[in-house]
Amino acid sequence: ENPDLDVDTKLKILSSYYELAELNDTYKQQAEELIQITLKLHSSSAEIHALYADFLLRDKKLKEAQTEYYESVKADKNHFNTWQQLMYVESENNDYAALATHSSEAMELFPNNSIPYFFNGFANIQLRNYNKAIESLEEGIEFVYNNNPLLKDFYSNLGDAYNAIKDYAKSDKAFDDALKVNPDDADVLNNYAYFLSLRKEKLEKAEKFSRRSNELAPNNRLYIDTYGWILYQQGKYTE
């Protein structure tokens, strides 16, 4: 409660509670009390808001965590990790309008980092702004380095976006590129197969991919449904 004690010292004390709070509820309650005291005295501290958001996120209080991460980036726009956490939580909260806005801002602040471009592309797909999504994803993919899971996600989202605007050649290429990165991604295999089946094109390829997705993730109702639909398109009614 001492207003003259510097915020960095208080931050170290609060940080020590992050692990302690997992041990028992007493430490957890103390941490909450101390954070609230600190926020009253240092409401403009980006670091305190970010740390509080970390506590909230761990407790799966996603709405509250989103608010605190946003307060942190408002106070100091220069910490990329906080922006990344904000975008992640907005995605988890399905707050795509906020995600599109904040990822766009992060793209300007960190123009060589691929993460904001990915979130912007993803958000705009959900908002059905497909051309904007494609623009962000195509630009951001150039900044992906040594991160195959992220590269695969870029390609698969491009596949979704190009399919939505009926540019099927580019959609197929994007899905093929995603599978070059990871040939055994069940979601990509299923989505690609489903899109091909809707067009009634390359059904042998669609059947192969759909069968593989079911081998990788058995008892997934969506994948089973896709496989049944493709077999129907092929006239294999008993199967």
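Worth saying up front: this structure is predicted, and the values here are computed from it rather than measured.

1. Side note on the overall build of the protein
Per the secondary structure count, the protein includes 13 helices and zero strands. Ordering the α and β elements of the protein from the N terminus gives α-α-α-α-α-α-α-α-α-α-α-α-α. For 239 residues, the compact-globule formula gives about 18 Å, and the C-alpha radius of gyration of the protein, at 23 Å, lies well above that figure. Seen along its three principal axes, the alpha-carbon backbone of the protein occupies a region of about 75 × 40 × 30 Å. Residues counted as buried form 44% of the 239 residues belonging to the protein. In the protein, the proportion of contacts linking residues at least 24 apart, taken out of those at least 6 apart, comes to 50%. Between the averaged position of the 26 positive side-chain charges in the protein and that of its 40 negative side-chain charges there is a distance of 7 Å.

2. Describing the pattern of salt bridges
In this structure the tally under the stated criterion is 14 salt bridges. Of the charged contacts in the structure, one is a salt bridge between Lys205 and Asp176, with a shortest N-O distance of 3.2 Å. You can see Lys205 sitting in helix H12 (residues 203–216) and its partner Asp176 sitting in helix H10 (residues 168–181), a full 29 residues away along the chain. Its relative accessible area of 25% is what places Lys205 among the partly exposed residues.

3. As for helix H2 (residues 25–41)
Because each turn of an α-helix spans 3.6 residues, side chains separated by three or four positions in sequence point in the same direction. Over its 17 residues, H2 runs 25 Å from end to end, which matches the ideal 24 Å to within 8%, given 1.5 Å per residue. Within the span of H2, buried status applies to Ala31, Ile35, Thr38 and Leu39. Taken around the axis of H2, the buried residues stretch over an arc of 100 degrees, which confines them to a single face. Of the exposed residues in H2, the ones pointing more than 90 degrees away from its buried face are Asp25, Gln29, Glu33 and Lys40.

4. Notes on the nonpolar core
Counting residues in each nonpolar core, the largest one holds 47 residues, and the members touching the most others are Phe55, Tyr69, Trp83, Met87, Leu99, Phe154 and Leu158. Beyond its immediate chain neighbours, meaning those up to four positions away, Trp83 contacts Val73, Lys77, His102, Glu105, Ala106, Leu109 and Phe110.

5. Description of the side chain of Ser171
For Ser171, the position within the fold is in helix H10. From its side chain, Ser171 meets the backbone oxygen of Gly159 in a polar contact 2.8 Å long. Setting aside anything within four residues of it in sequence, one finds Ser171 in contact with Gly159, Tyr162 and Asn163.

6. Some points on the packing of aromatic side chains
Following the criterion strictly, the structure yields 14 aromatic pairs and no others. Aromatic side chains Phe175 and Phe195 sit 5.8 Å apart centroid to centroid with 45 degrees between the ring planes, which places their arrangement in the tilted category. With Phe175 in helix H10 and Phe195 in helix H11 (residues 186–199), this residue pair connects regions lying 20 residues apart in the sequence. Note on accessibility: Phe175 and Phe195 belong to one class, buried. Consider the rings of Tyr194 and Phe195, whose centres lie 6.4 Å apart with planes at 45 degrees: the pair is tilted. Taken together, the aromatic side chains of Tyr96, Phe118, Phe119, Phe122 and Phe154 make up a single cluster linked through ring pairs. Looking at Arg58, its charged tip hangs above the ring of Tyr18, at a distance of 4.0 Å from the centre.

Calculation notes
- Residues numbered from 1 in each chain as written.
- Predicted model: local features only at pLDDT ≥ 70, side-chain atom pairs only at ≥ 80, totals over all residues.
- Heavy atoms only, no water.
- Helix = DSSP H or I, 4+ residues; strand = E, 2+ residues; numbered from the N terminus.
- Rg over C-alpha atoms; globule rule 2.2 N^0.38 Å.
- Buried < 20%, exposed > 50% of the residue type's maximum accessible area, 1.4 Å probe, protein only.
- Contact = heavy atoms within 4.5 Å.
- Lys, Arg positive; Asp, Glu negative; His and termini not counted.
- Charge placed at Lys NZ, Arg CZ, Asp CG, Glu CD.
- Salt bridge = Lys/Arg side-chain N within 4 Å of Asp/Glu carboxyl O.
- Expected span 1.5 Å × (residues − 1).
- Arc of directions from axis to C-beta.
- Core = buried A, V, L, I, M, F, W, Y, C linked by side-chain atoms within 4.5 Å.
- Polar contact = N/O pair within 3.5 Å; in protein donor to acceptor, adjacent residues only side chain to side chain.
- Phe/Tyr/Trp six-rings, centres within 6.5 Å; stacked < 30°, edge-to-face > 60°.
- Lys NZ or Arg CZ within 6 Å of the ring centre and 35° of its normal.

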